[in-house]
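Residues per chain, in single letters:
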Amino acid sequence: NDLQELHQKWRKIGPVAKEAREIIWARFQKTTKEINKKINEYFLAKKEKDSKKLEKKNLISQKIENLITENQSHQEWKSNSIICAKLESEWRSLGKLSKNKNKIAWKKLREALNKFHSSKNLFYKAKKQERKETLAKKLIICKKAEELQNNTNWKETSEKIIKLQLEWKKINFFQEKQSNKIWKRFKNA
């Protein structure tokens with residue numbers, strides 16, 4: 001902007017003596033070219049720096065997507081969530097880019113984070129459903145055992161109880177207070 005103002009002032013000042021005109025003009029032109037060269041170098045360096053930042057940001061977004069794998073356990077989701085948060089912080093610490101590149105990078109990050117959190121959410125919803133089903137199955141077995149509790153036909157009752165115990169063992173275990181309560185109830189019956 002300052003250079004543009006100087007060019008306008010140059011034009012407004014008007015002509016100089018013929019013998020000095022070429023020398024002054026050559027000097028002004030040389031200085032202008034040097035300034036323009038520095039400006040171009042600055043913007044090229046900024047563009048290159050932005051390209052490297054964009055590359056790093058896209059790589060981080062890809063790393064977040066790579067955290068999503070099939071058949072993860074609770075511990076894996078827990079550790080991957082910590083890694084995901086660190087990667088997101090690293091992404092943010094790289095700083096802003098030019099407006100267009102920033103939009104692109106931000107979109108990729110949002111997509112990666114959405115995929116990660118959606119997959120995590122589906123995992124925990126499935127686990128919750130599995131727990132409900134397991135709990136329901138164990139409650140049914142428990143009720144059957146309680147129905148047999150007062151039966152005095154010992155041979156038939158003991159065979160049925162053994163079958164119920166085997167059925168109980170086949171059902172998935174989950175660590176919760178409800179599981180322990182149902183186990184005590186089954187054991188008492």
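In case you missed it, the structure is sitting above this.
An account of the accompanying structure is given in this report.

Parameters and conventions
Residues numbered from 1 in each chain as written. Predicted model: local features only at pLDDT ≥ 70, side-chain atom pairs only at ≥ 80, totals over all residues. Heavy atoms only, no water. Helix = DSSP H or I, 4+ residues; strand = E, 2+ residues; numbered from the N terminus. Rg over C-alpha atoms; globule rule 2.2 N^0.38 Å. Buried < 20%, exposed > 50% of the residue type's maximum accessible area, 1.4 Å probe, protein only. Contact = heavy atoms within 4.5 Å. Phe/Tyr/Trp six-rings, centres within 6.5 Å; stacked < 30°, edge-to-face > 60°. Lys NZ or Arg CZ within 6 Å of the ring centre and 35° of its normal. Salt bridge = Lys/Arg side-chain N within 4 Å of Asp/Glu carboxyl O. Expected span 1.5 Å × (residues − 1). Arc of directions from axis to C-beta. Core = buried A, V, L, I, M, F, W, Y, C linked by side-chain atoms within 4.5 Å.

## Let's talk about the overall build of the protein chain
Part 1 of the argument: Each helix and strand in the protein chain was counted, giving 6 helices and 0 strands.
Part 2 of the argument: In sequence order, the secondary structure elements of the protein chain are arranged as α-α-α-α-α-α.
Part 3 of the argument: Computed over its C-alpha atoms, the radius of gyration of the protein chain comes to 37 Å, more than 25% above the 16 Å expected for a compact globule of 189 residues.
Part 4 of the argument: Dimensions along the principal axes, computed over C-alpha positions, put the protein chain at roughly 130 × 20 × 20 Å.
Part 5 of the argument: Relative to its full complement of 189 residues, the protein chain shows a buried share of 22%.
Part 6 of the argument: For the protein chain, long-range pairs separated by at least 24 residues make up 72% of all intrachain contacts whose partners lie at least 6 apart in sequence.

## Concerning the packing of aromatic side chains
Part 1 of the argument: Summed over all chains, the structure comprises 9 aromatic pairs.
Part 2 of the argument: Between Trp-168 and Trp-183, the aromatic rings sit 5.6 Å apart at their centres with planes inclined by 45°, giving tilted as the arrangement. Remark: Trp-183 occurs in helix α6 (residues 177-188) and Trp-168 occurs in helix α5 (residues 154-170); sequence separation between them is 15 residues.
Part 3 of the argument: An angle of 5° between the planes, with centres 4.6 Å apart, marks the rings of Trp-168 and Phe-186 as stacked. A residue pair is termed long-range when its members are at least 10 positions apart, and Trp-168 in helix α5 and Phe-186 in helix α6 qualify at 18 residues.
Part 4 of the argument: For Trp-168, a relative accessible area of 8% puts it in the buried group.
Part 5 of the argument: For Phe-186, a relative accessible area of 7% puts it in the buried group.
Part 6 of the argument: One aromatic cluster is present, built from ring pairs that chain together Trp-77, Phe-116, Phe-123 and Tyr-124.
Part 7 of the argument: Above the ring of Trp-91, the side-chain terminus of Lys-57 is found at 3.8 Å from the ring centroid.

## Examining the pattern of salt bridges
Pairs can form between side chains of opposite charge whenever their charged atoms are close.
Part 1 of the argument: Evaluation of the coordinates by the stated rule reveals 6 salt bridges.
Part 2 of the argument: Arg-92 serves as the salt-bridge partner of Glu-88, at 3.0 Å between the closest nitrogen and oxygen. Residue Glu-88 and its partner Arg-92 are located together in helix α3 (residues 74-93), separated by 4 residues, close to a single helical turn.
Part 3 of the argument: Here Arg-92 falls in the partly exposed class, since its relative accessible area comes to 45%.

## Section: α5
Part 1 of the argument: The first and last C-alpha atoms of α5 sit 24 Å apart over 17 residues, in line with the 24 Å expected at 1.5 Å per residue.
Part 2 of the argument: When we look at burial in α5, the residues that qualify are Thr-157, Leu-164 and Trp-168. End-on, the buried residues of α5 take up no more than an arc of 45°, which puts them together on one face. In α5, the exposed residues that point more than 90 degrees away from the buried face are Lys-155, Lys-163, Lys-169 and Lys-170.
Part 3 of the argument: On the buried face of α5, the contacting elements are α4 (99-148) and α6.

## A closer look at the environment of Thr-134
Part 1 of the argument: When you line up the elements, Thr-134 lands in helix α4.
Part 2 of the argument: Given the relative accessible area of 6%, Thr-134 is considered buried.
Part 3 of the argument: Note: C-alpha distance between Thr-134 and Asn-121 (13 residues apart in sequence) is 20 Å.

## Brief notes about the nonpolar core
Part 1 of the argument: One finds Ile-64, Cys-84 and Phe-116 to be the most contacted residues of the largest nonpolar core, which totals 15 residues.
Part 2 of the argument: Among all residues touching Phe-116, those that are not within four sequence positions of it are Ile-64, Leu-67, Ile-68, Trp-77, Asn-80, Ser-81 and Cys-84.

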